[in-house]
Amino acid sequence: TNTTDFVTPVFENVGTIVTIVTKNFLATLIILVSTYYFLADGHRIQPLVEQLVPENDREDIHYLYEQLRHVWADYLRSQLVFMFVVGLVDSIVWLAIGLPGAIILGFLTGVTSFVHEIGAIVSGILSVLAALIGGSNFLAMSNFWFAVLVFGLYMVLTGIKNIWIRPIVVGRHVHLHA
């Protein structure tokens with residue numbers, strides 16, 4: 001019974017974690033698919049929405065729709081520029097210290113930077129794991145200390161991205177003060 005007392009809570013916790021991850025994955029998938037269709041078919045939906053509004057407010061709704069469409073397009077462009085800059089900067093830093101898979105990890109960091117906290121956590125963990133497993137291509141240090149170096153650099157890069165790069169890039173595209 002000792003084994004059963006230990007194994008049962010472990011399986012219950014694993015089941016809870018799998019449930020949470022599955023729900024979050026499905027919610028993210030639904031959001032991404034919905035966003036895609038709203039972006040792809042927004043021009044078809046817009047007249048239908050305008051018909052739901054009283055006649056005397058339709059001009060205002062149309063104006064608001066156009067403004068929102070422009071701001072959203074500017075925001076998406078700014079995110080693409082930000083993702084490119086982040087991927088490029090991280091790739092250069094990882095190449096400079098000899099991290100195995102530097103370009104792929106930099107690209108992954110750029111792509112996942114669209115989802116702020118989760119993207120940073122995922123790409124940070126993968127970068128530290130690559131350092132821990134592969135070590136440096138040319139720095140003479142143990143894999144553990146190289147992973148610590150990568151973690152420290154990742155924290156500095158994340159701070160620079162969130163404090164300076166993101167506000168400047170997004171602010172210029174969306175016309176907001178950084």
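Everything below is about the structure shown above.
In this text the structure is predicted, and so the values were computed from the model without any measurement.

S.K.: Please clarify how the environment of Arg-166 should be interpreted in this entry.
M.R.: Note that Arg-166 resides in helix H5 (residues 143-174). A relative accessible area of 13% means that Arg-166 is categorised as buried. The spacing of Arg-166 and Ala-131 is 35 residues in sequence and 26 Å in space, taken between C-alpha atoms. Setting aside its immediate chain neighbours within four residues, Arg-166 contacts Gln-79, Phe-82, Ser-113, His-116, Lys-161 and Gly-171.

S.K.: Hey, could you run me through the packing of aromatic side chains in this one?
M.R.: Pairs of aromatic rings are described using the distance from one ring centre to the other and the angle between the two planes. With the rule as written, the count across this model stands at four aromatic pairs. With a centroid separation of 6.3 Å and an interplanar angle of 10°, the aromatic rings of Trp-94 and Tyr-154 are classed as stacked. Highlighted residues: Trp-94 in helix H2 (residues 58-97) and Tyr-154 in helix H5, separated in sequence by 60 residues. The class for Trp-94 is buried, based on a relative accessible area of 0%. For Tyr-154, a relative accessible area of 5% corresponds to the buried category. Measuring from ring centre to ring centre gives 5.1 Å for Phe-144 and Trp-145, while their planes differ by 75°; the resulting arrangement is edge-to-face. Its relative accessible area of 48% is what places Phe-144 among the partly exposed residues. The exposure class assigned to Trp-145 is exposed, which follows from its relative accessible area of 52%.

S.K.: Would you explain the environment of Val-169 in this entry?
M.R.: Structurally, Val-169 is set in helix H5. Between the C-alpha atom of Val-169 and that of Ser-78, which follows or precedes it by 91 residues, the distance is 6.0 Å. Among residues more than four places away in sequence, those in contact with Val-169 are Ser-78, Val-81 and Phe-82.

How each quantity is defined
Residues numbered from 1 in each chain as written. Predicted model: local features only at pLDDT ≥ 70, side-chain atom pairs only at ≥ 80, totals over all residues. Heavy atoms only, no water. Helix = DSSP H or I, 4+ residues; strand = E, 2+ residues; numbered from the N terminus. Buried < 20%, exposed > 50% of the residue type's maximum accessible area, 1.4 Å probe, protein only. Contact = heavy atoms within 4.5 Å. Phe/Tyr/Trp six-rings, centres within 6.5 Å; stacked < 30°, edge-to-face > 60°.

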